[in-house]
Amino acid sequence: MLSRTPLFVASSFALLFAAESALGVDGTLRAWGRDDEGQITVPADLGRVLDVSGGSAFTIALKRDGTVVGWGSNTDGQITIPAGLGTVVRVAAGNRHTLVLLGDNTVEAWGANAAGQCTIPKDLIAASAIAAGDLHSMARTAAGAVRCWGGNADGQCFVPAGLGVAKAIDAGDFFSVAIRESDGTVFAWGSSTNGKSSVPGDLGAASSIAAGGRHVVALTTLGEVRCWGDNTDGQCAVPVGLTDVYGVAAGGAFSLALKTDGSVVGWGANADGQTTTPLTLSPSTFLTAGGSHSLAIEADPFDCNENSIPDEIEIRDDPALDCTGDGTIDSCTPEIFSQTSANVSPFGSASTVTLAVTRSWKPLLPVEIEVSVKADLGSSLEYLVLTANDTPIDYIFNYGGQDCPSTPQVAVLRIPVEDYEDHLDENRNVTFGLRASTFVSTIECPSSFASMSVRFKTDSIDCNGNGTPDVCDLAAGDVEDSDADGIPDTCQRTTAGDLNGDGKADLAYFETAASRITYRYLDGTTANAPEAVDTTVGGGWAPAAQGDFDGDGQPDFLLRNSASGQSFIWLMDGDRIASFGEVGYSLSSNYSVLTVGDVDGDGDDDILWLDGNDKKVYAWRLAGTTLAGGGLVGNSVGTVFAGIGDVDDDGDD
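Residues numbered from 1 in each chain as written. Predicted model: local features only at pLDDT ≥ 70, side-chain atom pairs only at ≥ 80, totals over all residues. Heavy atoms only, no water.

Details of the overall build of the protein
Helix and strand counts for the protein come out as 3 helices and 42 strands. Dimensions of the protein, computed from C-alpha atoms along their principal axes, come out at roughly 95 × 60 × 45 Å. The proportion of buried residues among the 653 residues of the protein is 52%. Taking all contacts inside the protein whose residues are at least 6 apart in sequence as the whole, residues at least 24 apart take part in 53%. Total accessible area on the protein is roughly 26100 Å²; 50% of this is exposed by carbon and sulfur atoms. In the protein, which carries 35 positive and 90 negative side-chain charges, the distance between the mean positions of the two groups comes to 5 Å. (Helix = DSSP H or I, 4+ residues; strand = E, 2+ residues; numbered from the N terminus. Buried < 20%, exposed > 50% of the residue type's maximum accessible area, 1.4 Å probe, protein only. Contact = heavy atoms within 4.5 Å. Areas by Shrake-Rupley, 256 points an atom, 1.4 Å probe, with all protein chains shown as cover. Lys, Arg positive; Asp, Glu negative; His and termini not counted. Charge placed at Lys NZ, Arg CZ, Asp CG, Glu CD.)

A few points about the packing of aromatic side chains
A complete count under the given rule lists 11 aromatic pairs for this structure. When the ring of Tyr383 is compared with that of Tyr395, the centres are 6.0 Å apart and the planes differ by 70°; the resulting orientation is edge-to-face. One end of the pair, Tyr383, is in the loop between strand 24 (367–374) and strand 25 (384–388); the other, Tyr395, is in strand 26 (residues 391–396), with 12 residues separating them in the sequence. Ring geometry for Tyr420 versus Phe456: centroids 5.6 Å apart, planes at 55°, classification tilted. With a gap of 36 residues between them, Tyr420 in helix 2 (residues 417–423) and Phe456 in strand 29 (residues 449–457) connect regions that are remote in the sequence. By the burial criterion, Tyr420 is buried, and Phe456 matches it. Clustering of aromatic rings is evident, with ring pairs tying together Phe337, Tyr420, Phe432 and Phe456. (Phe/Tyr/Trp six-rings, centres within 6.5 Å; stacked < 30°, edge-to-face > 60°.)

Here's the deal with the pattern of salt bridges
Any two side chains of opposite charge can pair, so long as their charged atoms come close to each other. Applying the stated criterion to the full structure yields 12 salt bridges. Across the salt bridge formed by Glu298 and Arg30, the nearest N and O atoms sit 2.9 Å from each other. One end of the pair, Glu298, is in strand 21 (residues 293–298); the other, Arg30, is in strand 1 (residues 28–33), and 268 residues separate them in sequence. In this structure, the salt-bridge partner of Arg180 is Asp183, at a minimum N-O distance of 2.8 Å. Salt bridges sharing partners connect three or more residues here, namely Arg48, Asp300 and Arg359. (Salt bridge = Lys/Arg side-chain N within 4 Å of Asp/Glu carboxyl O.)

Examining the state of the cysteines
Tallied over the full model, the rule gives 5 disulfides. With its sulfur 2.2 Å from that of its partner, Cys148 forms a disulfide with Cys157. As the torsion about the S-S bond is roughly -55°, the Cys148-Cys157 disulfide counts as left-handed. Residue Cys148 shares its accessibility class with Cys157, and that shared class is buried. Residue pairing for Cys304: its cysteine sulfur links by disulfide to Cys332, the two sulfurs lying 1.9 Å apart. Residues Cys304 and Cys332 share a disulfide whose torsion about the S-S bond is about 75°; that sign makes it right-handed. Taken together, the positions of Cys304 in the loop between strand 21 and helix 1 (311–317) and Cys332 in the loop between helix 1 and strand 22 (336–340) put the pair 28 residues apart, joining distant regions of the chain. The thiol sulfur of Cys118 is not disulfide-bonded, and the nearest other cysteine sulfur, from Cys157, lies at 13 Å. Look at Cys118 and you get buried, because its relative accessible area is 13%. (Disulfide = S-S within 2.5 Å.)

Overview of the nonpolar core
Ranked by internal contacts, the top residues of the largest apolar core, which has 31 residues, are Phe347, Val373, Leu384, Ile396, Tyr420, Phe432 and Leu434. Listing elements by their share of this core, those giving two or more residues are strand 23 (352–357), strand 24, strand 25, strand 27 (409–415), strand 28 (430–436) and strand 29. Dropping the residues within four chain positions of it, Phe432 is found in contact with Val353, Thr354, Leu355, Val357, Ile369, Thr387, Ala388, Ile393, Ile415, Tyr420, Met452 and Val454. The next biggest cluster of nonpolar side chains, apart from the first, holds 15 residues, and it includes Val410, Tyr521, Trp541 and Phe568. (Core = buried A, V, L, I, M, F, W, Y, C linked by side-chain atoms within 4.5 Å.)

Describing the environment of Leu594
Here Leu594 lies in strand 39 (residues 591–597). Here the alpha-carbon distance between Leu594 and Glu511, two residues 83 residues apart in the chain, equals 22 Å.

Concerning the sheet that holds strand 18 (residues 254–259)
In space, the 3 strands of this open sheet follow the order 17-18-19, with antiparallel pairing throughout. The open sheet is flanked by strand 17 (245–250) and strand 19 (264–268), the only strands paired with a single partner. Here the average twist between neighbouring strands, direction ignored, is 20°. The pairing of strand 18 with strand 19 spans 5 bridges and is antiparallel. (Pairing = 2+ DSSP bridges. Axes fitted to C-alpha atoms, helices over the stretch in contact; angles between N-to-C directions.)

Considerations on the confidence of the model for the protein
Looking at the protein, pLDDT values average 86 and 92% of them are 70 or higher. Between residues 1–24, whose pLDDT stays under 50, and residues either more than four places distant or in other chains, the model counts 161 contacts. (pLDDT = per-residue confidence, 0-100.)

Observations regarding the pairing of strand 6 (residues 97–102)
The buried fraction of strand 6 is high, at 6 of 6 residues. Burial of strand 6 is two-sided: the residues His97, Leu99 and Leu101 facing one way and the residues Thr98, Val100 and Leu102 facing the other way are all buried. Pairing of strand 5 (residues 88–93) with strand 6 involves 5 bridges; the strand directions are antiparallel. Looking across to strand 6, one finds that Arg90 is bridged to Leu101. Once strand 5 ends, the chain turns through 3 residues before running back antiparallel as strand 6.

Dropping the structure here:
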């Protein structure tokens, strides 16, 4: 699933300028209205955008990578983006100038500067919002103070003393507006032509506001759309029965409203079609207006609960639906994601196994990629390459591979969450590939085949079954997580050997005759009836140790083949094998498992081997079933093993 962050849709722009630019959800930009300067000709390669602003005859858009793109009129360099601009978080387009808010809360400007509208005050710090008018510019600081610079012939930069802390600002044609944070009162100052700076006495508290060319549109906290100022083109003739409005925008001589269902309503001047909403416009999350053109950011159409409302809009209106904050309705997110590729046969150097994950959910724990292969892998030159979007991320069976074995070899790799997230594109898609090296021959193994699967626990997992994802419980402080591993303590099996999660040690034993591992759950000295793991142990194999090899708080099993020296790990989910894979490489029979423990402090157990010949102890540092590293620990001659633990309190054993 696509991870999205719904953000507030603010009031928008005005004649020949833009207003305070508030981020919408990243999505596809749509534009309609006048196009004499190419202002609605959206670049074909624009991609998804986070913010957009319309000027008099140009448009400025913010891409999700923090870069800015402009198109339309460039008479004063208003769409000529300065080199080395830095990461932008908001944009605002004025008459013929552009403002941007950077990630460090500073403001940059370019374009027309005859009135100083692009000369940023040196003492402006910690800006959090911006707006651009005809010949003046505005900013709101993080503390809520309103700053203004540029043209001031009509007093548009004389901020009223009684405004105090503002929650929203906008700039129009020689006038300015703002909403006071404390009570929603609207303030307007500057040119009073057409009554645009005369706020109606019965307006009440406003939640959003937009300054047009010579009019103002406001949305009250009661959900009513109000308008005052010039009405020559009907820009203040609010449609009768207009309800369920989420945000408003004002253009040169027209007005727009974004409804809660994502639809757009327009009124006022329409000579260029600026208030004729395109029939193909999808539900939108952000709306704004330029001089004679309109702009909207369409919502992602994904509707996981199939109620005909895009999930982004549902989450915007009820954030509790997405307490994890990943842009997905929690009830739609599976607790465990699993996807398997097609089986490719025969499999050799000319073959590729492909597994495309689309709209990926967000993992909570490391992502497991399991590879199952039967192929010509008997030498160091015969191996597999695992790729993500065609970039190699791991090499498999470059040691320990077998030539066309009777049963497939299995390897399980664990990718850290942050690395997996880095592989995802802007739509949260990733394509994993598995290919063989040049020397892997299908002739030497005609029955060869390969497949792979991806599996992970998502951020919506609810281990305690209270209806709220664990990450939300933890964030709210409703449950304890003493080891800070993202798993509530009540869900972890902190008692050694606790197989069923009741906080009591249990018994696991190997039935050699039946070749199976059997559990006896204990309550003190009382044991329940035997319960066998659903998979038998293959011939020549036997359990060698028990430990938590994947850090999920549940005991897993290390199995050893006495003849081949191979080792396998069963990663368990209760009495069920969740996944498995060969670990490391074959060791001669003089090696035995001394113990298991977390020697590198990564949250999952590793293996300590004892060489029975020279009594040296070696460590295998594991990441699930993947050998991450290892080496000599020391010489045990003349000693007797007593135990393993974190003796120096540094987080590893």
